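Breakdown of the fold
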2 protein chains.
Amino acid sequence: MQISSRFTVALHIFACVEYFKDKCKVTSDFLASSINTNPVFIRRILGQLSKAGLLKVMRGTGGIEITRPLKDITFLDVYKAVEPIEDGALFHFHENPNPACPVGRNIHSLLDGKLLSIQNAMEDRMKEYTLDDIREGLGEIIGGKDS
Amino acid sequence: MQISSRFTVALHIFACVEYFKDKCKVTSDFLASSINTNPVFIRRILGQLSKAGLLKVMRGTGGIEITRPLKDITFLDVYKAVEPIEDGALFHFHENPNPACPVGRNIHSLLDGKLLSIQNAMEDRMKEYTLDDIREGLGEIIGGKDS
DNA sequence: TCATTCTGAAACAACAAATATTGTAATGTC
DNA sequence: GACATTACAATATTTGTTGTTTCAGAATGA
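Residues numbered from 1 in each chain as written. Chains lettered and ligands numbered in written order. Predicted model: local features only at pLDDT ≥ 70, side-chain atom pairs only at ≥ 80, totals over all residues. Heavy atoms only, no water.

1. A closer look at the overall build of chain A
What chain A contains, in helices and strands, is six helices and two strands. Its C-alpha radius of gyration of 19 Å places chain A more than 25% over the 15 Å reference for a compact globule of 147 residues. Considering only C-alpha atoms, chain A reaches an extent of 65 × 30 × 25 Å along its principal axes. Contacts in chain A between residues far apart in sequence, at least 24 positions, make up 62% of those at least 6 positions apart. For chain A, the exposed surface amounts to about 6,900 Å²; the carbon and sulfur share of it is 50%. The centroid of the 18 positive side-chain charges in chain A is displaced by 4 Å from the centroid of its 19 negative side-chain charges. (Helix = DSSP H or I, 4+ residues; strand = E, 2+ residues; numbered from the N terminus. Rg over C-alpha atoms; globule rule 2.2 N^0.38 Å. Contact = heavy atoms within 4.5 Å. Areas by Shrake-Rupley, 256 points an atom, 1.4 Å probe, with all protein chains shown as cover. Lys, Arg positive; Asp, Glu negative; His and termini not counted. Charge placed at Lys NZ, Arg CZ, Asp CG, Glu CD.)

Take a look at the structure:
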């Protein structure tokens, strides 16, 4: 199963906000057109991001403001904001293994540590990338020729 | 979004097959009862695992045989067998970003490398655990007192 | 004050994936 | 051939994602 597109869409949003901040007003309609989806979907994600304190959305007038320096927002911050998994576990267990079975009643204590370590490996790598890397990468790709 | 329970169920299956191999015949019904789900679900996963060459299911007579030494089957092998993600990408992009937007047409080349690196961090950690670790852990937990 | 523009939120539909349930056919052993 | 078991197909239920519509509220500027 893939991780939902909300994560990559959120990164796309940040990229747009940063890139267009001096060029034009960035609204949910504008973003929806760049991402090629509908404005409500964008607003839902914007809601999650602002609830997490990563940006602020101006009501009425429109426009989006990133609340922290780009290098202080990691991919993990964004991921956690838009993928609210219950109790934070990446891996889903089948509920209620049979307690009468020696394997069934011990499977959790057997696997939990290992699964957590796998999840941590992913999240630690997510911490290594920040929105500033996106800004920088975008500058390199687009350079002068593609604006 | 969580990764489907097929992965943890598959690990549970291997744990049972190993633990009960000398004690009783392990059938899909037996497994379903330990995991507390239905036999068909188990069979589908068994089908994926045997298609991947990790085990062999005896038809008619019943019983399951692991085809390789436990230490030669990693968590990643199991994961890949039961989570067949199209083109192997963990992260889902929204399709067709707007090519008329400088961000939209570059978002993929901007993010792909970073996302792949995150995915690789997870998969590399998965390679570090093998089914032998499960057998060992189960032996420690259950020890002599819990059989 | 009023019109405009925009966001926030709710309701609903379409769709896909995960899981459960059931029935039937095929297979291997005895 | 009888039996136990798996394989396969069809279907239902639930849940999550995404799209669509609608309406109320907030900021701004004329």
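2. Brief notes about the nonpolar core
The biggest cluster of nonpolar side chains holds 102 residues, and the ones touching the most others in it are Phe 7, Leu 49 and Val 78 of chain A together with Phe 7, Leu 49 and Val 78 of chain B. Setting aside residues up to four positions removed in sequence, Phe 7 of chain A forms contacts with Phe 75, Val 78, Tyr 79, Val 82 and Met 126 of chain A together with Phe 91 and Leu 115 of chain B. (Core = buried A, V, L, I, M, F, W, Y, C linked by side-chain atoms within 4.5 Å. Buried < 20%, exposed > 50% of the residue type's maximum accessible area, 1.4 Å probe, protein only.)

3. Focus on the protein's contact with DNA strand C
Near DNA strand C there are 24 residues, and of these Ser 28 and Arg 43 of chain A together with Ser 5, Thr 37 and Asn 38 of chain B occur at the shortest range. Within 4 Å of the protein, the atoms of DNA strand C are drawn from sugar and phosphate moieties in a proportion of 66%. Within the side chain of His 94 of chain A, one N or O atom sits 3.1 Å away from a phosphate oxygen of DNA strand C. Measuring from a phosphate oxygen of DNA strand C, one finds a side-chain N or O atom of Arg 6 of chain B at 3.4 Å. Listed by contribution, the elements that provide at least two residues to the surface near DNA strand C are helix 3 (39-51) of chain A together with helix 3 (39-51) of chain B. Residue composition of the surface near DNA strand C, grouped by class: six nonpolar, 11 polar and seven charged. (Near = heavy atom within 4 Å. Polar contact = N/O pair within 3.5 Å; in protein donor to acceptor, adjacent residues only side chain to side chain. Nonpolar A, V, L, I, M, F, W, Y, C, P; charged D, E, K, R; others polar.)

4. Describing the protein's contact with DNA strand D
Surveying the vicinity of DNA strand D reveals 22 residues, the closest of which are Ser 5, Thr 37 and Asn 38 of chain A together with Ser 28 and Arg 59 of chain B. Counting only atoms of DNA strand D within 4 Å of the protein, the sugar-phosphate share comes to 66%. At 2.3 Å from a phosphate oxygen of DNA strand D is found a side-chain nitrogen or oxygen belonging to Thr 37 of chain A. Examining the composition of the surface near DNA strand D, we find that three residues originate from one element, helix 3 of chain A, more than from any other. Taken together, the residues of the surface near DNA strand D sort by class into five nonpolar, 11 polar and six charged.

5. A closer look at the packing of helix 3 of chain A against helix 4 (residues 75-82) of chain A
Geometrically, a packed helix pair is captured by the angle between its two axes and the distance between the axes. All names here are of chain A. For the pair helix 3 and helix 4, interaxial distance at closest approach is 8 Å and the crossing angle is 115°. The crossing of helix 3 and helix 4 is right-handed. Touching Ile 45, Gln 48 and Leu 49 of helix 3 are Val 78, Ala 81 and Val 82, all from helix 4. (Axes fitted to C-alpha atoms, helices over the stretch in contact; angles between N-to-C directions. Left-handed = near helix turned anticlockwise from the far one by under 90°.)

6. Topic: the interface of chain A and chain B
On the chain B side, the residues contacting the 61 residues of chain A number 61 residues. Summing both sides of the interface, chain A and chain B together bury roughly 5,500 Å²; the carbon and sulfur share of this comes to 68%. Of all residues in chain A, Met 1, Gln 2 and His 94 of chain A bury the most surface against chain B, accounting for 14% of the area lost on that side. Counting across the chain A and chain B interface gives zero salt bridges. In this structure, the connection of chain A to chain B is made through 22 residue pairs in polar contact (both at pLDDT 80 or more). Of all the secondary-structure elements, those providing two or more residues to the side of chain A that touches chain B are helix 1 (6-20), helix 2 (28-35), helix 5 (107-127) and helix 6 (131-142) of chain A. Taken together, the residues of the side of chain A that touches chain B break down into 34 nonpolar, 19 polar and eight charged. (Buried area = accessible area lost by both parts, 1.4 Å probe. Salt bridge = Lys/Arg side-chain N within 4 Å of Asp/Glu carboxyl O.)

7. Side note on the environment of Pro 97 of chain A
With respect to the helices and strands, Pro 97 of chain A occurs in the loop between helix 4 and helix 5. With 11 residues separating them along the chain, Pro 97 of chain A and His 108 of chain A place their C-alpha atoms 9.0 Å apart. Sequence-distant contacts of Pro 97 of chain A, that is, excluding residues within four places in its chain, are made with Gly 104 and Ile 107 of chain A together with His 12, Ser 34, Ile 35 and Asn 36 of chain B.

8. Remarks on the packing of aromatic side chains
Counted by the stated rule, this structure contains 12 aromatic pairs over all chains. On the basis of an interplanar angle of 90° and a centroid distance of 4.9 Å, the ring pair of Tyr 19 of chain B and Phe 20 of chain B is categorised as edge-to-face. Each of the two residues, Tyr 19 of chain B as well as Phe 20 of chain B, counts as buried. Consider the rings of Phe 20 of chain B and Phe 30 of chain B, whose centres lie 4.9 Å apart with planes at 80°: the pair is edge-to-face. In this pair, Phe 20 of chain B sits in helix 1 (residues 6-20) while Phe 30 of chain B sits in helix 2 (residues 28-35), placing the two residues 10 residues apart along the sequence. For Phe 20 of chain B, a relative accessible area of 8% gives the class buried. According to the relative accessible area criterion, Phe 30 of chain B is partly exposed, its value standing at 26%. One aromatic cluster is present, built from ring pairs that chain together Phe 7, Phe 75, Tyr 79 and Tyr 129 of chain A together with Phe 91 of chain B. Directly above the aromatic system of Tyr 19 of chain A lies the positively charged group of Lys 23 of chain A, at a separation of 4.3 Å from the ring centroid. (Phe/Tyr/Trp six-rings, centres within 6.5 Å; stacked < 30°, edge-to-face > 60°. Lys NZ or Arg CZ within 6 Å of the ring centre and 35° of its normal.)

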